[in-house]
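# Structural characterization, general
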Amino acid sequence: GAGVSQTPSNKVTEKGKYVELRCDPISGHTALYWYRQSLGQGPEFLIYFQGTGAADDSGLPNDRFFAVRPEGSVSTLKIQRTERGDSAVYLCASSLQGHEQYFGPGTRLTVT
Amino acid sequence: GNSVTQMEGPVTLSEEAFLTINCTYTATGYPSLFWYVQYPGEGLQLLLKATKADDKGSNKGFEATYRKETTSFHLEKGSVQVSDSAVYFCALRLQGAQKLVFGQGTRLTINP
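This report concerns the structure included in the present document.

About the thresholds
- Residues numbered from 1 in each chain as written.
- Chains lettered and ligands numbered in written order.
- Predicted model: local features only at pLDDT ≥ 70, side-chain atom pairs only at ≥ 80, totals over all residues.
- Heavy atoms only, no water.
- Helix = DSSP H or I, 4+ residues; strand = E, 2+ residues; numbered from the N terminus.
- Buried < 20%, exposed > 50% of the residue type's maximum accessible area, 1.4 Å probe, protein only.
- Core = buried A, V, L, I, M, F, W, Y, C linked by side-chain atoms within 4.5 Å.
- Contact = heavy atoms within 4.5 Å.
- 1 Å grid on protein atoms, 1.4 Å probe; cavity = no way out; pocket = protein on both sides within 12 Å on 5 of 7 lines; lining within 4 Å.
- Points joined across faces, edges and corners; volume = space filled by probe spheres on them.
- Nonpolar A, V, L, I, M, F, W, Y, C, P; charged D, E, K, R; others polar.
- Pairing = 2+ DSSP bridges.
- Axes fitted to C-alpha atoms, helices over the stretch in contact; angles between N-to-C directions.

Once that is clear, we can look at unusual backbone geometry. Proline 8 of chain A follows threonine 7 of chain A through a cis peptide bond whose omega is -10°. Along the chain, the position of proline 8 of chain A falls in the loop between β1 (5-7) and β2 (10-13). With a phi close to 75°, glutamate 16 of chain B is a non-glycine residue in the positive phi region. With respect to the helices and strands, glutamate 16 of chain B occurs in the loop between β2 (11-14) and β3 (19-21). Assessed through its relative accessible area of 59%, glutamate 16 of chain B is described here as exposed.

To continue, consider the nonpolar core. Ranked by size, the top nonpolar core spans 26 residues in total, and within it Trp35, Leu47, Leu48, Phe62, Phe73, Leu75 and Tyr88 of chain B carry the most contacts. Contributions of two or more residues to this core are made by β3, β4 (23-26), β5 (32-38), β6 (45-50), β8 (62-65), β10 (86-93) and β12 (106-111) of chain B. Sorting elements by how many residues they give to this core places β10 of chain B first, with 4 residues. Setting aside anything within four residues of it in sequence, one finds leucine 47 of chain B in contact with Trp35, Tyr36, Val37, Asn59, Lys60, Phe62, Leu75 and Tyr88 of chain B. If you look at the next biggest cluster of nonpolar residues, it comprises 20 residues, including Cys23, Tyr90, Cys92 and Val111 of chain A.

To continue, consider the layout of surface pockets. Reported here for the largest pocket is a volume of approximately 790 Å³. As for the largest pocket, its lining consists of 36 residues, of which Gln37 and Leu39 of chain A together with Gln38, Val87 and Arg107 of chain B are closest to the centre. Contributions of two or more residues to the lining of the largest pocket are made by β9 (88-95) and β11 (107-111) of chain A together with β10 and β12 of chain B. Residue composition of the lining of the largest pocket, by class: 13 nonpolar, 19 polar and 4 charged. For the second largest pocket, the calculated volume is near 170 Å³. Lining the second largest pocket are Ser38, Gln41, Gly42, Pro43, Glu44 and Phe45 of chain A together with Lys99, Leu100, Val101, Phe102, Gly103 and Gln104 of chain B. Elements that contribute at least two residues to the lining of the second largest pocket include exactly β5 (44-50) of chain A together with β11 (101-102) of chain B. Of the residues contributing to the lining of the second largest pocket, the split by class is 5 nonpolar, 5 polar and 2 charged.

Strands belonging to one sheet form pairs held by backbone hydrogen bonds; the direction of such a pair is parallel or antiparallel. All names here are of chain A. Spatial ordering of the open sheet is given by β1-β3-β8-β7, a layout of 4 strands whose pairing is antiparallel. Strands with a single pairing partner mark the edges of an open sheet, and in this sheet they are β1 and β7 (65-68). Averaged over all pairs of adjacent strands, the angle between strand axes in this sheet comes to 15°, irrespective of strand direction. When β1 meets strand β3 (residues 19-24), the two strands line up antiparallel, connected through 3 bridges. For threonine 7, the partnering residue across the bridge sits in β3 and is arginine 22.

Have a look at this one:
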């Protein structure tokens, strides 16, 4: 079946602009996660949804970052007033509650 | 805080060589431990896991044993193949939590 998909695969934006990154989880997966992976580093947790609600947003670095999952399926990660330090690969994962996380291919964000 | 430390890469070996990638962790309580693999051009995939002390996870010829006394989860394979070339990430998940905490990754290259 279809895995986790993320769009766009690449995004280049100018400093100060607003961006949205989309994640389509595996159908039926109630849990959804966002991670950020900087070059040469492991993924770092940003936020976790159980259904429509953010159950743990402790990894969001500041209030420029926000994520939604209004219908408990697709999620959008929103970044306001982007900074060069936001450049990274943003990974989405989904799972059944308490089970293996399946990762998408990521969105590579470059802020110029 | 909770963290994972992996042996620094890159690691380059010849085909059929023995592989060890070291991983140690710092965590409260009794975490579950994981190895993820990222093949070139692909997303992160779960390779193996162990959920309690002395458990051994295994998959595709890879093994890792959860050692609580040394807080380690070293990845081993007896005879590597060119197709094992990838980046390997050690990770933990705290009891009762959902988010994964990753190490920085180890790039492995196997030469024929």
